[in-house]
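Letter by letter, the chains look like this.
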Amino acid sequence: MNHDIKDINLASGGKKRIEWASNDMPVLAQVKERFEKEKPLKGMKMSACLHVTAETANLARTLKAGGADIVLCASNPLSTQDDVAAALVKDYGIPVFAIKGEDNKTYYKHIISALDHKPTVTMDDGADLVSAIHKERKELIPQILGSMEETTTGVIRLRAMEKDGSLKIPVIAVNDADTKHLFDNRYGTGQSTIDGIIRATDSLLAGKVFVVAGYGWCGKGLAMRAKGMGANVVITEINPIKSLEAAMDGFMVMPMSEAVKIGDLFCTLTGNIHVIRKEHFEGMKNGAMVCNSGHFNVEIDIGALETISSKINKSVRNFVDQYVLKNGKSVYLLGEGRLINLAAAEGHPACVMDMSFATQALATEHVIKNKGKLEPKVYDVPKEIDQWVASLKLKSMGISIDTLTKEQEKYLASWEEGT
Ligand code: ADE
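Since we're looking at a predicted model, the values are computed, not measured.

Basis of the calculations
- Residues numbered from 1 in each chain as written.
- Predicted model: local features only at pLDDT ≥ 70, side-chain atom pairs only at ≥ 80, totals over all residues.
- Heavy atoms only, no water.
- Helix = DSSP H or I, 4+ residues; strand = E, 2+ residues; numbered from the N terminus.
- Rg over C-alpha atoms; globule rule 2.2 N^0.38 Å.
- Buried < 20%, exposed > 50% of the residue type's maximum accessible area, 1.4 Å probe, protein only.
- Contact = heavy atoms within 4.5 Å.
- 1 Å grid on protein atoms, 1.4 Å probe; cavity = no way out; pocket = protein on both sides within 12 Å on 5 of 7 lines; lining within 4 Å.
- Points joined across faces, edges and corners; volume = space filled by probe spheres on them.
- Nonpolar A, V, L, I, M, F, W, Y, C, P; charged D, E, K, R; others polar.
- Right-handed = clockwise from strand over helix to strand, strands pointing away.
- Pairing = 2+ DSSP bridges.
- Expected span 1.5 Å × (residues − 1).
- Core = buried A, V, L, I, M, F, W, Y, C linked by side-chain atoms within 4.5 Å.
- UniProt positions renumbered as here; feature names shortened; annotations may be inferred.

## Some details on the overall build of the protein chain
From N to C terminus, the protein chain includes 17 helices and 15 strands. Here the protein chain has a C-alpha radius of gyration of 22 Å; the compact-globule value for 419 residues is 22 Å, and the two agree. Counting only C-alpha atoms, the protein chain reaches 70 × 65 × 45 Å along its principal axes. Among the 419 residues that make up the protein chain, the fraction classed as buried is 55%. Here the contacts in the protein chain between residues at least 6 apart in sequence split such that 72% fall between residues at least 24 apart.

So, in structure tokens, the structure goes:
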């Protein structure tokens, strides 16, 4: 089997972690059970570009159980769990092209290796795979039934492609499903980002000024958790409504130029470029720590940081580089500006990825069932899938809820009754 991973001998540790994660993915397990019987993905060749984690391994196993012939490549150079990649190859017969810490050239080479599989369905986290298909593997376009997109950044890129007419395949915006972004982006990012920061730095958050750039679902999740750990949380935002929300959620809101004067820790989750840049680094306190939890490593202007530094001490701790600025102060960059939750920790916990990945698997089935009917557009996940995933997740948590009475149903469907 063709593959490119760090070390096949890591497989036994990876298999244990995949099994451990599967214990907390009951919804995906139900999908897998049905897929095993019905084989709805039979005959499909799939290329998936995702963070290669224990949770992703369970998604790949589910898709394979459904009959797909699947290969995997990384969606970020620093997010691969090498032991999981080894177990996927050795124990589950799934080819993987991903090595933690690979350089950009290898990262893109791995994407092309995944496309050499000649997929009929693709899955993406950040839209690098779809972008490579449109730029370098155009001949695959006619045979691709559709692609699933996992993350906000990817959906933004794909909508931009749709808008300028360059999108040539149907895409399902899995990120936009309620069972995805309301939970994965908020509670998943909230917890895993704090986890990554603490594993990288061993810092105490209580009493620190923690600056969160961006108040989307990811920023909200992180701000909430940082507050829970006792940090004084500052939000920077460009959207007036989100800024207002942050203020009324009880956070201090100010421009980055002000926040840099008081911040101890900074984390970007905006999806935008150069949110922390030269003038910001220059205004920071000595010892400030800066990281990113957005999809791409563009949010922190690392090039500018380099130009204003007189010395860079790499790896003063794992995932921590010290930049000694020409003004004499030090700034610590965590995880090379790549998503800290996957670089220094293990990404979101399995419990929350359960919903995201059950939705991914069902969206894949939806694309196949609708072969020939979907246009080259960005589609939402059908509402029934969202509802089904939410209901099963509740059930797996032992939570039952009320249902509408006939009288209530009638009331909600009518307009005559008033005061
Ligand atoms: N994105 C964030 N956390 C993840 C995880 N654990 N697995 C795959 N993708 C992720």
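## Points about the layout of surface pockets
Approximately 240 Å³ is the volume found for the second largest pocket. A per-element tally of the lining of the second largest pocket places helix H8 (residues 178-201) first, with 4 residues. Among the residues forming the lining of the second largest pocket, the class breakdown is 5 nonpolar, 5 polar and 6 charged.

## What about the pairing of strand S2 (residues 69-74)?
Counting buried positions over the 6 residues of S2 gives 5, a clear majority of the element. Handedness of the β-α-β unit built from strand S1 (residues 45-50), helix H3 (residues 54-65) and S2 comes out right-handed. Inspection of the sheet shows S2 paired to strand S3 (residues 96-97) by 2 bridges, in the parallel sense. Bridge pairing links cysteine 73 to phenylalanine 97 in S3. Handedness of the crossover joining S2 and S3 through helix H4 (residues 82-92) is recorded here as right-handed.

## Brief notes about H3
Compared with the 16 Å implied by 1.5 Å per residue over 12 residues, the 17 Å span of H3 between its first and last C-alpha is a close match. Among the 12 residues of H3, 10 are classified as buried, and the element is accordingly described as predominantly covered. The complete set of buried residues in H3 reads Ala54, Glu55, Thr56, Ala57, Asn58, Leu59, Ala60, Thr62, Leu63 and Ala65.

## Overview of the nonpolar core
Counting residues in hydrophobic clusters, the biggest one holds 58 residues, and the most contacted among them are Val52, Leu63, Leu88 and Val96. With residues near it in sequence (within four places) discarded, leucine 88 still touches Val52, Ala57, Ala60, Leu72, Gly93, Ile94 and Val96. Counting residues in hydrophobic clusters, the runner-up holds 25 residues, among them Val130, Ile141, Val155 and Ala173.

## Examining the UniProt feature "binding site: substrate" (unreviewed entry) in the protein chain
Sites flagged by UniProt as "binding site: substrate" (unreviewed entry) map to Thr53, Asp125, Glu150, Lys180 and Asp184. With respect to the element layout, aspartate 125 can be found in the loop between strand S4 (121-124) and helix H6 (128-136). In this structure aspartate 125 comes out as buried when scored by relative accessible area, which is 8%. When neighbours within four sequence positions are excluded, aspartate 125 is seen to be in contact with Cys49, Leu50, His51, Ser75, Glu149, Glu150, Thr151 and His295. Residue placement: lysine 180 occurs in helix H8. Filtering out sequence-adjacent residues up to four positions away, lysine 180 remains in contact with Glu150, Thr151, Val174, Asn175, Asn185 and Ser356.

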